[in-house]
Amino acid sequence: MTMQRTIIALTLAGSLAAAAAPAMAQEHDAPQPPRLKWSFAGPFGKYDEAQLQRGFKIYREVCANCHSMDMLSFRNLSDPGGPGFSEAQAAAVAAEYKIKDTDDKGDSIERAGRPADHFPAPFANELAAKAAHGVAPPDLSTLAKARTYERGFPWFVFDMVTQYQEQGPDYIAAYLNGYKDSPPAGFPLPSGGHYNEYFPGHTTAMPPPLQPGQVTFDDGSPATIEQYSKDISAFLMWAAEPHLMARKRIGFQVMIFLIVLAGLLYFTKKKVWSDVH
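Residues numbered from 1 in each chain as written. Predicted model: local features only at pLDDT ≥ 70, side-chain atom pairs only at ≥ 80, totals over all residues. Heavy atoms only, no water.

(A) Here's a closer look at the overall build of the protein chain. When its secondary structure is counted, the protein chain shows 9 helices and 4 strands. Listing each helix as α and each strand as β along the protein chain from the N terminus yields α-α-α-β-β-α-α-α-α-β-β-α-α. Counting every position in the protein chain, which comprises 277 residues, the buried fraction comes to 32%. Relative to all contacts within the protein chain whose residues are 6 or more apart in sequence, the contacts with residues 24 or more apart total 63%. (Helix = DSSP H or I, 4+ residues; strand = E, 2+ residues; numbered from the N terminus. Buried < 20%, exposed > 50% of the residue type's maximum accessible area, 1.4 Å probe, protein only. Contact = heavy atoms within 4.5 Å.)

(B) Looking closely at the side chain of Ser 73. Among the structural elements, Ser 73 can be located in the loop between helix 2 (49-61) and helix 3 (87-95). Exposure remark for Ser 73: the relative accessible area of 4% places this residue in the buried category. One polar contact links Ser 73 to His 118, side chain to side chain, over a distance of 3.5 Å. (Polar contact = N/O pair within 3.5 Å; in protein donor to acceptor, adjacent residues only side chain to side chain.)

(C) Region of interest: the packing of aromatic side chains. Enumeration according to the criterion identifies 18 aromatic pairs in this entry. Geometrically, the ring pair formed by Phe 56 and Phe 85 is edge-to-face, given 5.7 Å between the ring centres and 80° between the ring planes. One end of the pair, Phe 56, is in helix 2; the other, Phe 85, is in the loop between helix 2 and helix 3, and 29 residues separate them in sequence. Judged by relative accessible area, Phe 56 falls into the buried class, the value being 3%. You can call Phe 85 buried: its relative accessible area is 17%. The rings of Phe 56, Tyr 59, Phe 74, Phe 85, Tyr 97, Phe 119, Phe 235 and Trp 238 are connected pair by pair, giving a single aromatic cluster. When the ring centre of Tyr 164 is taken as reference, the NZ or CZ atom of Arg 35 above it lies at 3.8 Å. Directly above the aromatic system of Phe 217 lies the positively charged group of Arg 54, at a separation of 5.9 Å from the ring centroid. (Phe/Tyr/Trp six-rings, centres within 6.5 Å; stacked < 30°, edge-to-face > 60°. Lys NZ or Arg CZ within 6 Å of the ring centre and 35° of its normal.)

(D) Spatial organisation of a nonpolar patch on the surface. Together, Ile 250, Val 254, Met 255, Phe 257, Leu 258, Leu 261 and Leu 265 make up an exposed nonpolar region whose accessible area comes to about 650 Å². Note that Phe 257 resides in helix 9 (residues 244-272). (Patch = residues over 30% accessible without salt bridge, like charges linked within 9 Å, V, L, I, M, F, W, Y side chains within 5 Å. Areas by Shrake-Rupley, 256 points an atom, 1.4 Å probe, with all protein chains shown as cover. Salt bridge = Lys/Arg side-chain N within 4 Å of Asp/Glu carboxyl O.)

(E) Focus on the nonpolar core. Counting residues in hydrophobic clusters, the biggest one holds 43 residues, and the most contacted among them are Ile 58, Tyr 59, Phe 235 and Leu 236. Those elements that place two or more of their residues in this core are helix 2, helix 3, helix 5 (143-146), helix 7 (167-177) and helix 8 (225-240). Ranked by residue count, the leading element in this core is helix 8, at 9 residues. Those residues within four positions of Ile 58 in sequence are excluded, and the remaining contacts are Cys 63, Leu 210, Val 215, Phe 217, Tyr 228, Asp 231 and Ile 232. (Core = buried A, V, L, I, M, F, W, Y, C linked by side-chain atoms within 4.5 Å.)

(F) Structural detail: the pattern of salt bridges. Under the counting rule described, the total for this entry stands at 9 salt bridges. Across the pair Arg 54 and Asp 231 runs a salt bridge whose closest N-O atoms are separated by 2.8 Å. Linking Arg 54 in helix 2 with Asp 231 in helix 8, this pair joins segments that are 177 residues apart in sequence. The same class applies to Arg 54 and to Asp 231, which are both buried. Across the pair Asp 101 and Arg 111 runs a salt bridge whose closest N-O atoms are separated by 2.8 Å. Of this pair, Asp 101 sits in strand 1 (residues 98-102) while Arg 111 sits in strand 2 (residues 108-112), and the two are 10 residues apart along the sequence. A relative accessible area of 27% places Asp 101 in the partly exposed class. Judged by relative accessible area, which is 14%, Arg 111 ranks as buried. Taken together, the shared-partner salt bridges in this structure form one network comprising Arg 54, Asp 219 and Asp 231.

(G) Highlighting the side chain of Gln 167. You can see Gln 167 is positioned in helix 7. With relative accessibility at 17%, the residue Gln 167 sits in the buried group. If we skip the residues at most four places from it in the chain, Gln 167 touches Arg 147, Thr 148, Tyr 149, Arg 151 and Asp 159.

(H) Here's a closer look at helix 8. The end-to-end C-alpha distance of helix 8 is 22 Å, a good match for the 22 Å that 16 residues give at a rise of 1.5 Å each. Counting buried positions along helix 8 yields 13 of 16 residues, so the element is predominantly enclosed. (Expected span 1.5 Å × (residues − 1).)

(I) A look at unusual backbone geometry. The phi dihedral of His 202 is positive, around 70°, even though this residue is not glycine. Looking at the secondary structure, you find His 202 in the loop between strand 3 (194-195) and strand 4 (203-204). For His 202, a relative accessible area of 11% translates into the label buried.

Structure representation (structure tokens):
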């Protein structure tokens, strides 16, 4: 028994040390992005249609010049729980794009986009994107779920309780606000690199993509980098998980079912075993 307890204690200590190591390493490398308030956070959160529409406008006018979004179709803009476009509006947006296709004879043509088409990439392939920028810009379809950071112990325990799943949007918003005009004294910034406070290693190939007043919103929202970064981060979160609201609704229904089932099983057990006691 003593040996078993020792092994369990050592295993637990090793697990805690391994969980804390990434956070300690990150503390010396880059600060943790600040936690922001999101409408879609928590078990009952949902996307803000106005914010998603602003984020989509930023994507069209700024991000789409370099970044692809291969997994998103124009028709997704009219899906429930999304930016709130009607089917006619989504079709109108699609028609503004030129899509490369083939006709009945197999010849290459360009046609107006349709709702079923995916957003066209700005470059023909990854090599063309790399030749234009030096580094191929990443696809934005799942960026908000792929980009994250280690919070370490004991925060990941609290995250399981609070259901904190917004590391991606928090990181993207911090990254877009993390550019500095000049690196700290003694920092070796390579040629063509840009200093970013929150990027791992602090050197990123992408220059600051957002500038104040770059995009004008129809609803009068502030044209600031802080506003832009939050709106585009929310839009990328929706692009990465467009069925988030449906998932939460189904999860809530499953929890109610399990609670009712547990109650029925308890009273069934009491009824079946009542004579034994």
